[in-house]
Amino acid sequence: MDDSSIGVRIRTFRGKALTQRQLADQAGVSVDLVRKLEQGGRQTASIASLQKLARALDVDIADLIGKRAGVPSTDPDSGIVAIRRALTPVDDLLGETNEEAAISLDEGRRAVDYAWGAYWVGRYELLTAILPSGLTQLRSTVHAARNGSVAVANELLARMYWVTGCTLVHLGQTDPAFLAIRQALAAAEDGNDPLLLGTIRGSVAWQLLVQGRYDESRRVALRAAASLEPAGEVTPAHLSSYGSLMLLGATAAGRAQNVPEALSLVEAAGEVALRIGGDRRDYETYFGPSQVVMQTVDVNVSSERYPEALAAAKAMPVNGGLPQSSRARHLTDTAVALTRTGQHQRALDTLLTAERVGGQDWLKYQSLPRHIVSELLDHDRRVPLRAFARRIGVNT
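So, here is what we can say about the structure in this document. Small disclaimer: the values here were computed from a predicted structure and weren't measured.

**Describing the overall build of the protein**
Thinking step 1. Along its length, the protein carries 21 helices and two strands.
Thinking step 2. Computed over its C-alpha atoms, the radius of gyration of the protein comes to 22 Å, within 12% of the 21 Å expected for a compact globule of 396 residues.
Thinking step 3. Along the first, second and third principal axes, the C-alpha atoms of the protein reach 65 × 50 × 40 Å.
Thinking step 4. Within the protein, counting contacts between residues at least 6 apart in sequence, those at least 24 apart form 67% of the total.

Below, the structure is given as structure tokens:
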């Protein structure tokens, strides 16, 4: 078995402290699953099962499935370390607040929009080069702001912190990511836009979801949704923000294996999407019929309801409004369902489409495609699959 496999990591972390059965009992999974993973009979499992195993082993799920690649750089002002430094300034303690680095509000808007544009097409390495300076400049802009510009400057800083947190999640840096999103929330609270504030609270819930804190994620998302619950006639942006929070609550409920609640929340979000009538992007968040289908598939895949996931995927609008990274992720979820229902060629074709849609920058930092390919290699070792496996770093 490859020493980078999940099974080897489980066996290593388990060591002599736990037997396979003790681990299974503590995690609340079957001992057969633990045994098959360790023996290589299975290359991966559902996200919920992996999260339970990680918690029982007292490790982060990233340690269990394999940390994502780093972002090496010769520029000291870019990369993960530079972002960490920008997130933890000490200028106030040194009395060196630098207002000379401030940029205008228009320049700030362009910088924020550029960063989010890069994020939605999966340009994570580019983002590690532009986020450190963007954070520093907008923090200075807030310090220099006066009177009516204070709220707007804080909202721009909040959006830059926000995209930083989201980027760090994809780079496997969950701790600084959570720091970034909490700083985004603090800046948004000094702004004057309740929709921005509610949506960033939703991003806090998303990060809790990534950490496996499903109940907290669901509660944070639904509380944020309650604060934005539409009363009477509201703008489409308001409906979009509310609907996306409902979907996030559904995803968290699905990961916690509370399928009835998850599907009920998805249905409620679907009614909001119908009211809007199409896909929208508001406050850096996509919502509409396409997103509802995507999250319905996600809920079913995370609860190992693979036929239901494939049935739901058929409803995806042909010309929907999902961004590249979301479309690629949806295709990857679909490939999981196809693999688990024995449709191996269709699974590979779907993964190849995800590769084209997401691009190499996106694919490089995704662990799920590698696990699917490892599973497919047990059934098919023909040239196309092996070539794809080599491209994404899976040993053949």
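**Thoughts on the packing of helix α19 (residues 344-364) against helix α20 (residues 368-376)**
Thinking step 1. Orientation of α19 relative to α20, taken along the N-to-C sense of each, is 150°, at an axis distance of 11 Å. Between α19 and α20, the angle falls in the class roughly antiparallel. In the crossing of α19 with α20, the sense of the turn from one axis to the other is left-handed. Contact residues: α19 offers His 344, Ala 347, Leu 348, Leu 351, Leu 363 and Lys 364, while α20 offers Pro 369, Arg 370, Ile 372, Val 373 and Leu 376.

**Observations regarding the nonpolar core**
Thinking step 1. Among the nonpolar cores identified, the biggest contains 75 residues, and Trp 116, Tyr 119, Met 160, Trp 162, Ile 200, Val 373 and Phe 388 are the most heavily contacted of them.
Thinking step 2. Tallying contributions element by element places helix α10 (residues 149-170) first for this core, with 11 residues.
Thinking step 3. Leaving out residues up to four positions away in the same chain, Val 373 has contacts with Leu 351, Leu 385, Phe 388, Ala 389, Ile 392 and Val 394.
Thinking step 4. Residues Ala 224, Leu 239, Tyr 242 and Met 246 belong to the second largest nonpolar core, which totals 21 residues.

**Remarks on the pattern of salt bridges**
Thinking step 1. Scanning the entire structure with this criterion turns up 18 salt bridges.
Thinking step 2. Here Arg 159 and Glu 284 are joined by a salt bridge, their closest N and O atoms 2.4 Å apart. With Arg 159 in helix α10 and Glu 284 in the loop between β1 (280-282) and β2 (285-287), the pair connects residues that are 125 residues apart, well separated along the chain. For the pair Arg 159 and Glu 284, a shared accessibility class is recorded, and that class is buried.
Thinking step 3. Glu 375 is the partner of Arg 340 in a salt bridge, and the nearest nitrogen-oxygen pair spans 2.9 Å. Of the two residues, Arg 340 is situated in helix α18 (residues 324-340) and Glu 375 in helix α20; the sequence distance between them amounts to 35 residues.
Thinking step 4. What makes Arg 340 partly exposed here is its relative accessible area of 22%.
Thinking step 5. Residue classification places Glu 375 among the buried positions, given a relative accessible area of 12%.

Thresholds applied
Residues numbered from 1 in each chain as written. Predicted model: local features only at pLDDT ≥ 70, side-chain atom pairs only at ≥ 80, totals over all residues. Heavy atoms only, no water. Helix = DSSP H or I, 4+ residues; strand = E, 2+ residues; numbered from the N terminus. Rg over C-alpha atoms; globule rule 2.2 N^0.38 Å. Contact = heavy atoms within 4.5 Å. Axes fitted to C-alpha atoms, helices over the stretch in contact; angles between N-to-C directions. Parallel < 35°, antiparallel > 145°, perpendicular 65-115°, else oblique. Left-handed = near helix turned anticlockwise from the far one by under 90°. Core = buried A, V, L, I, M, F, W, Y, C linked by side-chain atoms within 4.5 Å. Buried < 20%, exposed > 50% of the residue type's maximum accessible area, 1.4 Å probe, protein only. Salt bridge = Lys/Arg side-chain N within 4 Å of Asp/Glu carboxyl O.

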